[in-house]
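What follows is each chain in one-letter form.
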Amino acid sequence: MANMFEKYAADREAEQRKIEKTVAEPAADDEKRTTLSLSLTVSDKKALKMMAAERETTIAAIIHEWVQEHLEVERVSE
């Protein structure tokens with residue numbers, strides 16, 4: 001029984017380190033961050049969470065990347 005809890009604790013600790021590493025990364029250009037309330041479908045939220053977990057990043061980082069890509073596309077088309 002103790003081995004099961006030790007494995008769970010080790011897995012949780014590794015996951016926590018990944019989260020802390022991601023959260024500790026500074027914002028692009030040390031830009032100040034703000035909070036955004038966003039309404040999504042349940043399936044979109046699940047998809048974003050899965051993408052973030054697979055990339056070992058945050059949903060905020062994925063959205064930031066998307067915004068940057070779309071800003072570049074608009075600049076090119078002007």
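Keep in mind the model is a prediction, meaning the values are calculated, not measured.

### Describing the overall build of the protein
For step 1, the next point in the chain: Secondary structure summary: the protein contains three helices and zero strands in total.
For step 2, the next point in the chain: In sequence order, the protein lays out its α and β elements as α-α-α.
For step 3, the next point in the chain: Counting every atom, the protein has about 7300 Å² of accessible surface; 57% of that belongs to carbon and sulfur.

### Re the packing of helix 2 (residues 42-55) against helix 3 (residues 59-77)
For step 1, the next point in the chain: Contact geometry for helix 2 and helix 3: axes closest at 8 Å, N-to-C directions at 95°. When the interaxial angle is binned, helix 2 and helix 3 end up roughly perpendicular. Where helix 2 approaches helix 3, its residues Leu48, Lys49, Met51, Ala52 and Arg55 are matched on the opposing element by Ile59, Ile62 and Glu65.
For step 2, the next point in the chain: Tallied by class, residues from the contact of helix 2 with helix 3 come to five nonpolar, no polar and three charged.

### Let's talk about the pattern of salt bridges
For step 1, the next point in the chain: Applying the stated criterion across every chain yields a total of three salt bridges.
For step 2, the next point in the chain: Its salt-bridge partner being aspartate 11, residue lysine 7 comes within 2.9 Å of it at the nearest N-O pair. Of this pair, lysine 7 and aspartate 11 both sit in helix 1 (residues 2-24), four residues apart, which is roughly one turn of that helix.
For step 3, the next point in the chain: With relative accessibility at 42%, the residue aspartate 11 sits in the partly exposed group.
For step 4, the next point in the chain: Among the salt bridges present, the one from arginine 55 reaches glutamate 65, with a minimum N-O distance of 3.6 Å. Remark: glutamate 65 occurs in helix 3 and arginine 55 occurs in helix 2; sequence separation between them is 10 residues.

### What about a nonpolar patch on the surface?
For step 1, the next point in the chain: On the surface, Leu36, Leu38, Leu40, Ile63, Trp66, Val67 and Leu71 cluster together to form a nonpolar patch covering roughly 640 Å² of accessible area.
For step 2, the next point in the chain: With respect to the helices and strands, the residue leucine 38 is situated in the loop between helix 1 and helix 2.

### Notes on unusual backbone geometry
For step 1, the next point in the chain: A positive phi is found at glutamate 56, a non-glycine position, where the angle reads about 55°.
For step 2, the next point in the chain: Position of glutamate 56 among the secondary structure elements: in the loop between helix 2 and helix 3.
For step 3, the next point in the chain: According to the relative accessible area criterion, glutamate 56 is partly exposed, its value standing at 47%.

### Notes on helix 2
For step 1, the next point in the chain: The terminal C-alpha atoms of helix 2 lie 20 Å apart, and with 14 residues this matches the ideal 20 Å at 1.5 Å per residue to within 8%.
For step 2, the next point in the chain: Positive phi shows up at glutamate 56, right after helix 2, with a value of about 55°.

About the criteria used
- Residues numbered from 1 in each chain as written.
- Predicted model: local features only at pLDDT ≥ 70, side-chain atom pairs only at ≥ 80, totals over all residues.
- Heavy atoms only, no water.
- Helix = DSSP H or I, 4+ residues; strand = E, 2+ residues; numbered from the N terminus.
- Areas by Shrake-Rupley, 256 points an atom, 1.4 Å probe, with all protein chains shown as cover.
- Axes fitted to C-alpha atoms, helices over the stretch in contact; angles between N-to-C directions.
- Parallel < 35°, antiparallel > 145°, perpendicular 65-115°, else oblique.
- Contact = heavy atoms within 4.5 Å.
- Nonpolar A, V, L, I, M, F, W, Y, C, P; charged D, E, K, R; others polar.
- Salt bridge = Lys/Arg side-chain N within 4 Å of Asp/Glu carboxyl O.
- Buried < 20%, exposed > 50% of the residue type's maximum accessible area, 1.4 Å probe, protein only.
- Patch = residues over 30% accessible without salt bridge, like charges linked within 9 Å, V, L, I, M, F, W, Y side chains within 5 Å.
- Expected span 1.5 Å × (residues − 1).

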